Amino acid sequence: MAQERVIALVDMDCFYVQVEQRRDPSLRGKPCAVVQYKKWQGGGIIAVGYEARAKGVTRQMRGDEAKKKCPEITLVRVPENRGKADLTRYRDAGREVIEVLCKFSRCVERASIDEAYIDLTEEVVRRIEERGPDSVTVDMLSSTHVAGWQTETVGQSSESEGINLDGRAVGVFQWLDSLSRKDASLYDRRLAMGAVIAEEMRAAVERETGFHCSAGIGHNKVLAKLCCGLHKPKQQTVLPHASVPQLYSTLPIKKVRGCGGKLGASLTEDLGVEYMGQLAAFSEKELQARCGDKCGTWLYNLCRGVDYEPVKDRQVAQSIGCGKNFPGRECLDTKEKYTGGVYNLPYHTSGATCL
């Protein structure tokens with residue numbers, strides 16, 4: 001069934017910046033960003049620390065513009081090797097994180113240098129059988145948000161707990177309380193246990209590597225990815241299936257994994273829809289007629305929060321590519337330039353396979 005699985009996405013917060021801050025602890029707590037190795041206009045920004053973001057610095061800026069916006073910012077340049085960015089230190093750091101995540105599941109899919117999907121279903125089922133379905137408490141979910149259960153109430157008291165809870169914790173408490181009823185969804189109970197494991201995973205990552213991260217927990221990879229970005233940094237979000245329509249009602253189609261680019265643009269133009277939830281008004285046959293059988297069925301399920309793509313047990317990239325632009329003066333307009341420029345690309349590709 002569509003809700004049987006418990007999938008988490010772990011996303012490292014400003015990972016490139018964290019890697020540099022671990023290398024140089026004096027950068028911690030200060031505005032900083034990581035920039036490309038090319039120095040034109042200060043270099044393109046790859047990652048912006050949260051302290052710099054608070055000063056108005058964004059990834060769309062170049063280093064010189066960031067300096068004007070935040071004079072105290074430290075710009076760390078990515079290492080260069082054979083005329084290309086050398087990402088070895090970031091790949092190595094990402095591998096450290098994967099090693100920790102693999103202690104919690106036998107199925108971990110490395111999606112990028114700073115992201116990984118984890119299938120927690122097996123461990124969730126084992127823990128529920130061992131501890132019972134109602135063993136999750138608010139204190140186990142100290143940095144968890146539950147989509148659709150967030151409340152603006154601050155300082156609300158829980159009589160049964162005898163403590164004051166903030167708006168986040170009130171939502172978590174109310175959600176967990178709803179799961180204690182006899183007619184509560186087994187699948188939501190699984191999500192609750194998955195959230196506990198995700199809290200433990202994130203704590204282990206920070207303890208063993210020094211890096212902090214955020215997470216999303218849902219029934220599939222798409223939902224885990226979507227809810228992961230709702231609350232950052234150092235936080236996580238659970239997306240119960242019943243909360244999907246509320247999230248989708250204001251979620252632009254192009255923000256959904258797999259619905260960007262030409263597909264998202266064609267859906268907006270041909271169907272007149274802007275938000276993911278609007279697709280639910282179309283039947284499966286209507287979507288198939290416009291998008292083809294396979295894509296139409298996929299969209300029909302996806303707009304209802306259903307997706308069957310498995311987490312693939314993979315800790316290294318499936319394929320490795322390397323490219324380099326040669327603009328302006330670097331244009332390969334002579335045989336010598338061409339030979340020198342192309343000659344180095346295999347070295348970068350072979351180096352990247354050591355993930």
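As a reminder, the structure under discussion sits directly above these lines.
First, a word on what this report is: a plain description of the structure on this page. (Residues numbered from 1 in each chain as written. Predicted model: local features only at pLDDT ≥ 70, side-chain atom pairs only at ≥ 80, totals over all residues. Heavy atoms only, no water.)

### Thoughts on the overall build of the protein
So, point 1. A tally of helices and strands in the protein yields 14 helices and 13 strands.
So, point 2. With 355 residues in all, the protein has 47% of them scored as buried.
So, point 3. For the protein, contacts bridging at least 24 residues in sequence account for 61% of all contacts bridging at least 6.
So, point 4. As displayed, the protein offers around 18000 Å² of accessible surface, 49% of which is attributable to carbon and sulfur atoms. (Helix = DSSP H or I, 4+ residues; strand = E, 2+ residues; numbered from the N terminus. Buried < 20%, exposed > 50% of the residue type's maximum accessible area, 1.4 Å probe, protein only. Contact = heavy atoms within 4.5 Å. Areas by Shrake-Rupley, 256 points an atom, 1.4 Å probe, with all protein chains shown as cover.)

### A word on unusual backbone geometry
Most of the time, phi is negative for any residue but glycine, and the peptide bond is trans.
So, point 1. Between lysine 232 and the following residue, proline 233, the backbone shows a cis peptide bond with an omega angle of -5°.
So, point 2. Structurally, proline 233 can be placed in the loop between α8 (221-228) and β13 (236-238).
So, point 3. Of note in this structure, cysteine 14 is not a glycine but carries a positive phi near 45°.
So, point 4. Within the fold, cysteine 14 resides in the loop between β1 (7-12) and α1 (15-23).
So, point 5. One non-glycine residue, glutamine 41, lies in positive phi territory at about 55°.
So, point 6. Its location among the elements puts glutamine 41 in the loop between β2 (32-35) and β3 (45-48).
So, point 7. A residue is classified by how much of its surface remains accessible, and glutamine 41, at 38% relative accessible area, is partly exposed.

### As for the sheet that holds strand β4 (residues 74-77)
So, point 1. Pairing is mixed in the open sheet, where 3 strands are placed in the order β3-β2-β4. Strands with a single pairing partner mark the edges of an open sheet, and in this sheet they are β3 and β4. Sheet twist, expressed as the average angle between the axes of neighbouring strands with direction ignored, equals 25°.
So, point 2. Along the sheet face, α1 touches β2, β3 and β4 and points at about 110° away from the line of β2. (Pairing = 2+ DSSP bridges. Axes fitted to C-alpha atoms, helices over the stretch in contact; angles between N-to-C directions.)

### Description of the packing of helix α6 (residues 167-179) against helix α7 (residues 186-209)
Think of two packed helices as two axes; the pair is described by the angle between the axes and how far apart they sit.
So, point 1. Interaxial distance between α6 and α7 falls to 10 Å at its minimum, and their mutual angle equals 135°. As the angle between them shows, α6 and α7 are arranged oblique. Like other packed secondary-structure pairs, α6 and α7 cross with a definite hand, here left-handed. Facing α6, whose interface residues are Trp175, Leu176 and Leu179, α7 presents Asp188, Arg189, Leu191 and Ala192.
So, point 2. Tallied by class, the residues present in the contact of α6 with α7 amount to 5 nonpolar, no polar and 2 charged. (Parallel < 35°, antiparallel > 145°, perpendicular 65-115°, else oblique. Left-handed = near helix turned anticlockwise from the far one by under 90°. Nonpolar A, V, L, I, M, F, W, Y, C, P; charged D, E, K, R; others polar.)

### Looking at the pattern of salt bridges
So, point 1. One pass over the structure, following the stated rule, counts 21 salt bridges.
So, point 2. Taking the shortest distance from any N to any O, the salt bridge between lysine 225 and glutamate 115 comes out at 2.6 Å. In this pair, lysine 225 is assigned in helix α8 and glutamate 115 in strand β8 (residues 115-119), connecting sequence segments 110 residues apart.
So, point 3. Owing to a relative accessible area of 32%, lysine 225 belongs among the partly exposed residues under this scheme.
So, point 4. Across the pair arginine 127 and glutamate 200 runs a salt bridge, and its minimum N-O distance is 2.8 Å. Of this pair, arginine 127 sits in helix α5 (residues 121-131) while glutamate 200 sits in helix α7, placing them 73 residues apart in sequence.
So, point 5. On the basis of relative accessibility, which here comes to 7%, the residue arginine 127 falls in the buried class. (Salt bridge = Lys/Arg side-chain N within 4 Å of Asp/Glu carboxyl O.)

### Overview of the sheet that holds β13
What links the strands of a sheet is backbone hydrogen bonding, and the strands pair in either a parallel or an antiparallel sense.
So, point 1. Strand order across the open sheet formed by 6 strands is β7-β8-β1-β12-β13-β9, with mixed pairing between neighbours. Strands at the two margins of the open sheet, each flanked by one partner only, are β7 (108-112) and β9 (144-146). Neighbour-to-neighbour, the strand axes of the sheet open up by a mean angle of 20°, direction not taken into account.
So, point 2. Here 4 bridges tie β7 to β8, and the two strands are oriented antiparallel to one another. Of the residues in β8, the one forming a bridge with serine 112 is glutamate 115.
So, point 3. Contacts from α6 reach β9 and β13 within the one sheet, and its direction differs from that of β9 by about 65°.
So, point 4. Its contacts with the sheet place α8 against β1, β7, β8, β12 (213-218) and β13, and it is angled at close to 140° to β12.

Limitation: the analysis is restricted to geometry and does not speak to function.
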